[in-house]
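The chain contents come next:
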Amino acid sequence: PTKEPTGDWKPYRIQVIGTAGERQTISGRFLDADWHVRWFEWFRQDPDAYADAEAWKTLFAGPPIREEKLPALPNIQGYASPGTGIPGAYFAFVATTQIKFEAGTYRFNSLSDDGIRVLVDGKPVIDNWTHHAGTNDTGLVTLTKGLHTIEVNYCQENGAAALAVSWAKESP
């Protein structure tokens, strides 16, 4: 049977014993969630391609060239294709997951080259849907305790590619 992701945080604790018998405990939390990733191919010479919201909506509503479940967002870096059947340029994806959050304000961070959108429960937190070199973006969102949907939209034109998304609860 397939395990259903819970979108929850699973605590871990590891005790390490050194060669001289010294002990150190390492603890933290792992995220138990799967990302549903839908990959697309696109190509337009139009310099305003990023501004054509209707074309992107149509592309993302259509059939993907690949669809998969991943334990983390795709690793996008450099000049190579991010995976089997995905071109090295002019690709895009929509990735969604559900995560259980504690109530509070969260800072979302991204590093992207090119277009990036991060939505929480359908509302934009980061929106830099442009052709750009490696760029850091941040956004704040206040969440209630419970399950929330995270969606990442990403597109790569040509040349170097980069994508990293993270979040952390702001200190009270």
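Residues numbered from 1 in each chain as written. Predicted model: local features only at pLDDT ≥ 70, side-chain atom pairs only at ≥ 80, totals over all residues. Heavy atoms only, no water.

Engineer: Explain the overall build of the protein chain here, please?
Structural biologist: The secondary structure content of the protein chain amounts to one helix and 12 strands. Ordered by position from N to C terminus, the α and β elements of the protein chain give β-β-β-α-β-β-β-β-β-β-β-β-β. Out of the 172 residues in the protein chain, the part that is buried amounts to 37%. Nonlocal contacts in the protein chain, meaning residues at least 24 apart in sequence, comprise 70% of its contacts between residues at least 6 apart. As displayed, the protein chain has an accessible area near 10000 Å², and 53% of this comes from carbon and sulfur atoms. (Helix = DSSP H or I, 4+ residues; strand = E, 2+ residues; numbered from the N terminus. Buried < 20%, exposed > 50% of the residue type's maximum accessible area, 1.4 Å probe, protein only. Contact = heavy atoms within 4.5 Å. Areas by Shrake-Rupley, 256 points an atom, 1.4 Å probe, with all protein chains shown as cover.)

Engineer: What's the story with the side chain of Arg38 in this structure? I'm lost.
Structural biologist: Structurally, Arg38 is set in strand E3 (residues 35-41). An unpaired buried charge is present at Arg38: no salt bridge exists, and Glu67, the closest side chain of opposite charge, is 4.1 Å distant. Not counting chain neighbours up to four residues away, the residues in contact with Arg38 comprise Phe60, Gly62, Pro64, Arg66, Glu67, Ala92, Phe93 and Val94. (Lys, Arg positive; Asp, Glu negative; His and termini not counted. Salt bridge = Lys/Arg side-chain N within 4 Å of Asp/Glu carboxyl O.)

Engineer: Sorry, what's going on with the environment of Gln156 here?
Structural biologist: With respect to the element layout, Gln156 can be found in strand E11 (residues 146-156). Considered as a pair, Gln156 and Ala89 are 67 residues apart in the sequence and their alpha carbons are 6.2 Å apart. Ignoring sequence-local partners within four residues, the contact set of Gln156 consists of Trp42, Ala89, Tyr90, Phe91, Asp113, Asp114 and Ala161. Polar contacts involving the side chain of Gln156 include one to the main-chain carbonyl oxygen of Gly159, which spans 3.3 Å. In this structure the side chain of Gln156 is engaged in a polar contact, spanning 3.2 Å, whose partner is the backbone oxygen of Ala160. (Polar contact = N/O pair within 3.5 Å; in protein donor to acceptor, adjacent residues only side chain to side chain.)

Engineer: Explanation requested: the pattern of salt bridges in the structure shown.
Structural biologist: Opposite charge on two side chains allows them to pair when their charged atoms are near. Per the counting criterion, the structure on display carries four salt bridges. Residues Glu68 and Arg66 are paired through a salt bridge, measuring 2.9 Å at the closest nitrogen-oxygen approach. Owing to a relative accessible area of 26%, Arg66 belongs among the partly exposed residues under this scheme. With its nearest N and O atoms 3.1 Å apart, the salt bridge here joins Asp127 to Arg117. Taken as a pair, Asp127 in strand E9 (residues 123-128) and Arg117 in strand E8 (residues 116-120) lie far apart in primary sequence, 10 residues in all.

Engineer: Please explain the nonpolar core as it appears in this structure.
Structural biologist: One broad rule of soluble globular proteins: the nonpolar side chains tend to lie buried together. Residues Trp35, Ile76, Phe93, Phe101, Phe108 and Val152 are the most contacted members of the largest nonpolar core, which totals 29 residues. At the level of secondary structure, the elements contributing two or more residues to this core comprise E3, strand E6 (91-101), strand E7 (104-113), E8, E9, strand E10 (135-143), E11 and strand E12 (161-169). When residues in this core are grouped by element, the largest group, five residues, is from E6. Residues in contact with Phe93, not counting those within four places in the same chain, are Val37, Arg38, Trp39, Phe40, Phe60, Leu73, Pro74, Ile76, Val152, Asn153, Tyr154 and Leu163. (Core = buried A, V, L, I, M, F, W, Y, C linked by side-chain atoms within 4.5 Å.)

Engineer: Mind showing me how you'd approach the packing of aromatic side chains here?
Structural biologist: Geometry of an aromatic ring pair is reported as the spacing of the ring centres plus the angle between the planes. Enumeration over the complete set of coordinates arrives at 17 aromatic pairs. Judged by centre distance (4.5 Å) and plane angle (80 degrees), the rings of Phe43 and Tyr90 are edge-to-face. Here the residue Phe43 occupies a position in the loop between E3 and helix H1 (53-61), and Tyr90 occupies one in the loop between strand E5 (76-78) and E6, the gap between them amounting to 47 residues. Both rings, one in Phe93 and one in Tyr154, keep their centres 5.6 Å apart while their planes meet at 35 degrees; by these two values the pair is tilted. Of the two residues, Phe93 sits in strand E6 while Tyr154 sits in strand E11, which places them 61 residues apart along the sequence. Residue class for Phe93 comes out buried when judged on its relative accessible area of 0%. By way of ring pairs, the aromatic residues Phe40, Trp42, Phe43, Tyr50, Trp56, Phe60, Tyr90 and Trp129 are connected into one cluster. (Phe/Tyr/Trp six-rings, centres within 6.5 Å; stacked < 30°, edge-to-face > 60°.)

Everything listed is a geometric property; what it means functionally is a separate question.
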